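# Structural features, examined
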Amino acid sequence: DPEYLSTGALKQLADNEIYEMPTSTGATRKRGKVGSVEFTLKGQPLKLLAFNEVGTDPGSLFVAFSDLTSGAETYPAGRFMDLARNATGIYEVDFNRAYIPYCYYNPTYECPYPPSENRLKIPIRSGERMKP
């Protein structure tokens, strides 16, 4: 759905701050807070914090988010998007590629929860959804 595709700019933080991201198992995962991706969707300015996992390839950004479909049409805790890092700082924010975390399919799998800053106040009716 082209309505859920936008271009965003990464406002990078000066110091890749470590964030203890809570998970579905009650543990936390260390993530480097890279910055926020700022974009417009359906005329509304939005931003999502982007992370990379400490000790892994910094070539990708991890974005965990929830929205008004969370718990009804999509996994209650939220969904994920992965963005390939680039030198321009301009990213395609494509919610059509949003996916449900593996813990939806297997509760023993550890899934990070989106930070409060990534709780969108709009419905994202695109991307992977729960099976009926």
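Look a little higher up for the structure.
Note that the structure is a prediction, hence the values are computed from the model and not measured. (Residues numbered from 1 in each chain as written. Predicted model: local features only at pLDDT ≥ 70, side-chain atom pairs only at ≥ 80, totals over all residues. Heavy atoms only, no water.)

## What to know about the overall build of the protein
The condition is simple: Secondary structure follows DSSP: runs of H or I at least 4 residues long count as helices, runs of E at least 2 residues long count as strands, and numbering of each begins at the N terminus. Both definitions apply: the radius of gyration is a C-alpha atom measure, and the globule rule equals 2.2 Å times residues to the power 0.38. The cut-offs for exposure are 20% and 50% of the maximum accessible area for each residue type, with area from a 1.4 Å probe on protein chains only; residues under the lower value are buried, those over the upper are exposed, and the others partly exposed. A contact between two residues is defined here by any heavy atoms of the two lying within 4.5 Å. The protein chains shown are the only cover counted for residues, whose accessible areas, like all others here, come from Shrake-Rupley with a 1.4 Å probe.
A tally of helices and strands in the protein yields zero helices and six strands. The linear arrangement of helices and strands in the protein, starting from the amino end, is β-β-β-β-β-β. On C-alpha atoms alone, the protein measures out to a radius of gyration of 14 Å, which is about the 14 Å that the 2.2 N^0.38 rule sets for 132 residues. Seen through its C-alpha atoms, the protein measures out along the principal axes to roughly 40 × 35 × 20 Å. Out of the 132 residues belonging to the protein, those deemed buried represent 42%. Of the contacts made within the protein by residues no fewer than 6 positions apart, 60% connect residues no fewer than 24 positions apart. When the accessible area of the protein is evaluated, it comes to approximately 7100 Å², of which 52% is carbon and sulfur surface.

## Remarks on the side chain of arginine 79
Definition in use: Polar contacts, as used here, are pairs of N or O atoms within 3.5 Å; protein pairs need one atom able to donate a hydrogen and one able to accept it. Residues neighboring in sequence count only if both atoms are side-chain atoms.
Turning to its location among the elements, arginine 79 is positioned in strand S5 (residues 79–84). In this structure arginine 79 comes out as buried when scored by relative accessible area, which is 1%. A distance of 3.2 Å separates a polar atom in the side chain of arginine 79 from a polar atom in the side chain of aspartate 67.

## Some thoughts on unusual backbone geometry
Positive phi values are uncommon outside glycine, yet lysine 42 reaches one of about 55°. With respect to the helices and strands, lysine 42 occurs in the loop between strand S2 (28–41) and strand S3 (44–53).

## Section: the state of the cysteines
Our working definition: In plain terms, two cysteine sulfur atoms within 2.5 Å form what is called a disulfide here.
Overall, the coordinates contain one disulfide when judged by the stated rule. The disulfide partner of cysteine 103 is cysteine 111, and the S-S distance across this bridge is 2.3 Å. Between cysteine 103 and cysteine 111 the disulfide shows an S-S torsion of about -130°. By sign, it is left-handed. Judged by its relative accessible area of 7%, cysteine 103 falls in the buried class.

## Side note on the pattern of salt bridges
To keep things clear, this is the line we draw: The salt bridge criterion pairs a side-chain nitrogen of Lys or Arg with a carboxyl oxygen of Asp or Glu, the two atoms within 4 Å.
With the rule as written, the count across this model stands at 12 salt bridges. Residue lysine 11 is joined to glutamate 38 by a salt bridge in which the shortest nitrogen-to-oxygen separation is 3.7 Å. Within this pair, whereas lysine 11 is found in strand S1 (residues 5–22), its partner glutamate 38 is found in strand S2, the two being separated by 27 residues in sequence. On the accessibility criterion, glutamate 38 (28% relative accessible area) is partly exposed.

## Here's the deal with a nonpolar patch on the surface
Our working rule: For patches, a residue must show more than 30% relative accessible area and have no salt bridge; joins then use 9 Å for like charges and 5 Å for nonpolar side chains, namely Val, Leu, Ile, Met, Phe, Trp and Tyr.
On the surface, a nonpolar cluster with roughly 350 Å² of combined accessible area is contributed by Tyr102, Tyr105 and Tyr109. Judged by its relative accessible area of 41%, tyrosine 105 falls in the partly exposed class.

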